[in-house]
Amino acid sequence: MCDELGLKEDYMQQMVEEQGGTSLCNINKTDKGCSEKQKEFIQKWSDKPLEEVQKQLQRLTGMVEKDGSSMKPDALTWIKHRMGIFKQLAKAKDEL
């Protein structure tokens, strides 16, 4: 690990997620890599039908494409995290 991010691996993960607009959160293993906010979001959306999940994914994708450059970094990161969760949920529901 580099010294700038401290001794904790959490700081490195946080920096990578923020800079890359990605997340290590896995809907099947929420105990590691998922924030409380992501866990609550997964719990809320895990029982929704595939069509609703896909609709929300399309909505968020459109928001990023249209307004992504003008969004606050925290808002954009949260949208990208939700998109990742929706993609995982859609894939899991499609495989059923």
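Trainee: I would appreciate a short explanation of the packing of aromatic side chains in the present structure.
Mentor: To describe a pair of aromatic rings, you give the distance between the ring centres and the angle between the ring planes. Applying the stated criterion to the full structure yields four aromatic pairs. With centroids separated by 5.2 Å and ring planes inclined at 70°, the aromatic side chains of Phe 41 and Phe 86 adopt a geometry described as edge-to-face. Residue Phe 41 is found in helix α2 (residues 36–45), and its partner Phe 86 is found in helix α4 (residues 73–95); the two are separated by 45 residues along the sequence. Of the residues examined, Phe 41 reaches a relative accessible area of 11% and is grouped as buried. Consider the rings of Trp 45 and Phe 86, whose centres lie 5.0 Å apart with planes at 90°: the pair is edge-to-face. With Trp 45 in helix α2 and Phe 86 in helix α4, the pair connects residues that are 41 residues apart, well separated along the chain. Like Phe 86, Trp 45 is buried. Ring pairing ties together the aromatic residues Phe 41, Trp 45, Trp 78 and Phe 86, which thus form one cluster. Seen from the ring of Trp 78, Lys 37 lies directly overhead, with NZ or CZ sitting 4.5 Å from the centre.

Trainee: What is the right way to read the confidence of the model for the protein chain from this model?
Mentor: When pLDDT is averaged along the protein chain, the result is 86; 77% of the residues meet or exceed 70. For the protein chain, per-element mean pLDDT is lowest for helix α1 (residues 9–20), which scores 62, and highest for α2, which scores 97.

Trainee: I keep staring at the nonpolar core and nothing clicks. Help me out?
Mentor: Considering soluble globular proteins, one finds that nonpolar side chains tend to be buried as a cluster. Residues Phe 41, Ile 42, Trp 45, Val 53, Ile 85, Phe 86 and Leu 89 are the most contacted members of the largest nonpolar core, which totals 19 residues. Going through the elements one at a time, α2, α3 (50–67) and α4 are the ones with two or more residues in this core. If one sorts the elements of this core by residue count, α4 sits on top with eight residues. Not counting the four nearest positions on each side in its chain, Trp 45 is found in contact with Glu 52, Val 53, Gln 56, Phe 86, Leu 89 and Lys 93.

Cut-off values and rules
Along each chain, the written sequence defines residue order, and numbers are assigned to residues from 1. Reporting in this predicted model follows two pLDDT cut-offs: at least 70 for local features of residues, and 80 or more for side-chain atom pairs to be given and counted; totals over whole chains, interfaces and linings ignore these cut-offs and use all residues. By convention in this description, side-chain values take in all heavy atoms of the structure and omit both hydrogens and water. The criterion for an aromatic pair is that two Phe, Tyr or Trp rings (for Trp, the six-membered ring) have centres within 6.5 Å, with stacked assigned to planes under 30 degrees apart, edge-to-face to planes over 60 apart and tilted to the rest. The numbering of helices and of strands both runs from the N terminus, where a helix is a DSSP run of H or I of at least 4 residues and a strand a run of E of at least 2. A 1.4 Å probe rolled over the protein chains alone gives each residue an accessible area, and that area as a share of the maximum for its type sets the label: buried under 20%, exposed over 50%, partly exposed in between. Placement of a charge over a ring requires the Lys NZ or Arg CZ to be within 6 Å of the ring centre, with the centre-to-atom vector within 35 degrees of the ring normal. The predictor's confidence in any single residue is recorded as pLDDT, a number from 0 to 100. To form a nonpolar core, buried Ala, Val, Leu, Ile, Met, Phe, Trp, Tyr and Cys residues must be joined to one another through side-chain atoms within 4.5 Å. Residue contacts are defined here by distance: any two heavy atoms, one from each residue, within 4.5 Å place the two residues in contact.

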